Amino acid sequence: MDFQLQSHDGAFPCEVTCDEDNGRYMIRKADTSGEVFNSSQELKEWIEQNWNEAMFNNRYEYTRMLASLSSSVSE
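A brief look at the structure comes next. (Residues numbered from 1 in each chain as written. Predicted model: local features only at pLDDT ≥ 70, side-chain atom pairs only at ≥ 80, totals over all residues. Heavy atoms only, no water.)

### Concerning the environment of Arg-64
Of note, Arg-64 is situated in helix α2 (residues 59–74). In this structure the C-alpha to C-alpha distance between Arg-64 and Phe-3, which are 61 residues apart in sequence, comes to 9.6 Å. (Helix = DSSP H or I, 4+ residues; strand = E, 2+ residues; numbered from the N terminus.)

This is how it looks when you write it as structure tokens:
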């Protein structure tokens, strides 16, 4: 799963990658720095602790991304 979320703070969209098949779990923040995680659970937890829907232009996309990650974690 790949998601792009446009934040209020950056010119480039934030990107979230959750690739279970290849073991890739990472984000790119609004300032273009990034984070890499060992599991989809760690990725989801970081997002919940550091981001919120008010940070993004489209709150629905943020909510939809979290729902997709939640279903990925519970499988």
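So, next bit.
### Quick word on the environment of Phe-12
Take Phe-12: it is sitting in the loop between β1 (2–5) and β2 (14–19). Judged by its relative accessible area of 52%, Phe-12 is exposed. Placed 37 residues apart in sequence, Phe-12 and Gln-49 show a C-alpha to C-alpha distance of 21 Å. Filtering out sequence-adjacent residues up to four positions away, Phe-12 remains in contact with Gln-6, Arg-28, Ala-30 and Thr-32. (Buried < 20%, exposed > 50% of the residue type's maximum accessible area, 1.4 Å probe, protein only. Contact = heavy atoms within 4.5 Å.)

The values are spatial; any link to function lies outside them.
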